[in-house]
Amino acid sequence: MSMDSERLVVLGLDGATWTVLDPMIARGWMPNLAALLSRSAHGTLRSTVPPVTSAAWTTMQTGANPAIHGVFDHRYYDAASGQMKVNHSGRIRVPTTWQLLSDAGRSVVSLNLPGTFPPPKVRGVIVAGMDAPHLDAALTGYPEFAAKLKTEAPDYTLRYFWKRPPETLEELTENARLTAESFRGRAEGGLVADRFVPDWSVMMVQFQNLDPFQHRAWRYLNVDETGIDAPAWNDAAGEVIRGLDRAVGILYELAEKRGARVLAVSDHGFGPCLGRVHVNRILIEAGIAALPSTGGKLMRSAAKAVENLRLWSAKRDDPEARSASFDLSVFAQFPFDWNRTAAFAPHQDTAAMIYLNRKNASSSGRRDDVVKSTIQALEAARHPELGTPLFPQVIDMAAAHGLDPEKEGYPDVLALPDEPYWVRTKLAPGSAWVEADSALPGTHRPEGIVAFSGAGIAPGRNLKANLVDIAPTILSLFGRPIPSHVEGSPLPCLPNLATTRLDAPSAPLSGPHQSEFEYSAEDQAIIEQRLADLGYLE
Ligand SMILES: [Zn+2]
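Quick look at the structure, then. The model shown is predicted, which means the values in this text are computed figures rather than measured ones.

### Brief notes about the coordination of the zinc ion
Each donor-metal-donor angle in an ideal tetrahedron of four donors is 109.5 degrees, and each such angle in an ideal octahedron of six donors is either 90 or 180 degrees.
So, step 1. Looking at the zinc ion, one finds its protein donor set to be Asp14 (OD), Thr53 (OG1), Asp267 (OD) and His268 (NE2), positioned 1.9 to 2.1 Å from the metal centre.
So, step 2. Between the four donor atoms coordinating the zinc ion, the angles at the centre fall across 93 to 129 degrees, so the site counts as tetrahedral.
So, step 3. All donor residues of the zinc ion come from one chain, and their arrangement in sequence is D-x38-T-x213-D-H. One end of the pair, Asp14, is in the loop between β1 (8-13) and α1 (18-26); the other, Thr53, is in helix α3 (residues 53-62), and 39 residues separate them in sequence. We note that Asp14, like Thr53, is buried.

See below:
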């Protein structure tokens, strides 16, 4: 096949893991994926650090890790305003594969990929995903395609269904049906895009709803020791998997028709969740963060009440908007004694992200001491019953990446919990470092999946790759040079792939990265509500 006629379908399977896919194939629920794998080199794909959806898909698009592309979580702490804000495409500091291919005259289709809102202008079509407040926003920039998508693929939505673990078999069945329908809508969006952009070189379709489904319904998949063996419930959960497979089948068939290769990738893996680690409680016990004395506490709740009243009046016409909005500064949201708090964790996901309190004069002058004691406290923290480290990996961002976290707007310390745990930052009543969370039976794992099929690729489970390898694989496949910000290498299963690396740094943007785009308070509230519904924040 000449490079000019090369085509690639990328299936983005959010949170896919062999722990689930293998038994589902064995149950006969994924015939299309089984057929694809029988023709693919496949194996494990190691996520980025931290293995958070938005950080990881940005890595997939850029071939760089968060210290270079700038996205660590769905949100970031904007120290200048003292607020948490939602990340967006304008905050990615290096060019994405889609932009590079488009600049080289290739047409690109990308549907539902996190990190593409607002949708960048490319040759082809980009429809944003979970970071868009609603479908109309996700479609901005491509109005003709938007009109076609709405009439020809009416089931293409941005809906989410897993706001809590299902409490009844009926709830599980109904949510599974809706999720399968959302997968079908997504695949049909791919068919619409194929007609609208017939000369596409790459078509990426991302399936987000697999991730919240696994967070809430992990045990009903019954694939490990935490599984619930209940045939009716297992079968009901299986409808999500069968629906995903039908969607994969639609796109696999399209790929066959167009002579395209297929590359299936996850952003991270998945596994059972045994509880949440209260990172701020550990910092408080170590004396790094402090709660106010009673007088201060009263003052703070009075200030918070005033702030809530202001927000409430601003939002009373918008019942959808979250009442306790992100619009609150972290100083109002986290009732620390800010004069005695040297470092704190304002956001979390599958990692604790800790920032120095730069408004505290005593900590700004002794950054190294604060970072050192934070790392010591987190490394020393042990599970109260098991005695195992709660944070086996604690990263000093300045030392590890040779950068200034304050200048870049990055966390000072990144702490990865032991794999079966999730982090909690909310200052809830109580003092236990680890608490079970029945609302979150599943959580991310670093190890996900990859499969790559097409001419010249020998099938077999023989890949052991990294998420940073995906962008250089795609660029090389289309004869594009690999920019210096890319940290990975093309997958080894296409041995004759000629790769060119650019030496000259493409100079990632640095500093607290600002772009022209800012979410409105309402849009940010909608996205925060979605993140809260999906269990990512509270
Ligand atoms: Zn994910």
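### Focus on the nonpolar core
So, step 1. Counting residues in each nonpolar core, the largest one holds 114 residues, and the members touching the most others are Met60, Phe145, Ile470 and Ile474.
So, step 2. When residues of this core are assigned to their parent elements, the largest contribution, eleven residues, is made by helix α10 (residues 231-258).
So, step 3. Once residues lying within four places of it in the same chain are set aside, the contact partners of Phe145 are Leu111, Val125, Val127, Leu139, Gly189, Val192, Ala193 and Phe196.
So, step 4. With 47 residues, the next largest nonpolar core counts Ala67, Val279, Ala345 and Tyr410 among its residues.

### Remarks on empty space enclosed by the protein
So, step 1. This model, assessed by the stated rule, comprises four cavities of 30 Å³ or more.
So, step 2. There is about 120 Å³ of room inside the largest cavity.
So, step 3. Lining the largest cavity we find 13 residues, and of these Ser54, His74, Val86, Asn87 and Asp131 sit closest to its centre.
So, step 4. The set of elements that each furnish at least two residues to the lining of the largest cavity consists of α3 and α19 (521-533).

### Examining the sheet that holds strand β5 (residues 107-113)
So, step 1. Ordered in space as β6-β5-β7-β1-β8-β18-β2-β19, the eight strands form an open sheet in which the pairing is mixed. Unpaired on one side and paired on the other, β6 (124-128) and β19 (460-466) mark the two borders of the sheet. Strand after strand, the sheet turns through a mean of 15 degrees between neighbouring axes, direction not considered.
So, step 2. In the sheet, strand β8 (residues 261-265) pairs with strand β18 (residues 447-453) via four bridges, with the strands oriented antiparallel. What sits directly across from Val265, in β18, is Val450.
So, step 3. On top of the sheet, helix α18 (residues 470-477) reaches β1, β2 (40-46), β7 (200-207), β8, β18 and β19; it is set at about 170 degrees to β8, its chief contact.

### Remarks on the pattern of salt bridges
So, step 1. Enumeration over the complete set of coordinates arrives at 31 salt bridges.
So, step 2. Its salt-bridge partner being Arg261, residue Glu6 comes within 2.7 Å of it at the nearest N-O pair. Separated by 255 residues along the polypeptide, Glu6 in the segment before β1 and Arg261 in strand β8 bring together distant segments of the chain. For the pair shown, Glu6 and Arg261 are each scored as buried.
So, step 3. For Glu435, the salt bridge identified is with Arg281, shortest N-O distance 3.0 Å. Taken together, the positions of Glu435 in strand β16 (residues 434-435) and Arg281 in helix α11 (residues 279-285) put the pair 154 residues apart, joining distant regions of the chain.
So, step 4. For Glu435, a relative accessible area of 24% gives the class partly exposed.
So, step 5. A relative accessible area of 8% places Arg281 in the buried class.
So, step 6. Connected via shared salt-bridge partners are Arg358, Arg367, Asp368, Glu406 and Asp412.

The rules behind the values
Residues numbered from 1 in each chain as written. Predicted model: local features only at pLDDT ≥ 70, side-chain atom pairs only at ≥ 80, totals over all residues. Heavy atoms only, no water. Donors = N, O, S within 2.8 Å, 3.2 Å for Na, K, Ca; no water. Tetrahedral: all angles 85-135°; square planar, octahedral: opposite > 155°, others 65-115°. Helix = DSSP H or I, 4+ residues; strand = E, 2+ residues; numbered from the N terminus. Buried < 20%, exposed > 50% of the residue type's maximum accessible area, 1.4 Å probe, protein only. Core = buried A, V, L, I, M, F, W, Y, C linked by side-chain atoms within 4.5 Å. Contact = heavy atoms within 4.5 Å. 1 Å grid on protein atoms, 1.4 Å probe; cavity = no way out; pocket = protein on both sides within 12 Å on 5 of 7 lines; lining within 4 Å. Points joined across faces, edges and corners; volume = space filled by probe spheres on them. Pairing = 2+ DSSP bridges. Axes fitted to C-alpha atoms, helices over the stretch in contact; angles between N-to-C directions. Salt bridge = Lys/Arg side-chain N within 4 Å of Asp/Glu carboxyl O.

From the geometry alone we can't say anything about function, so treat these as descriptive.
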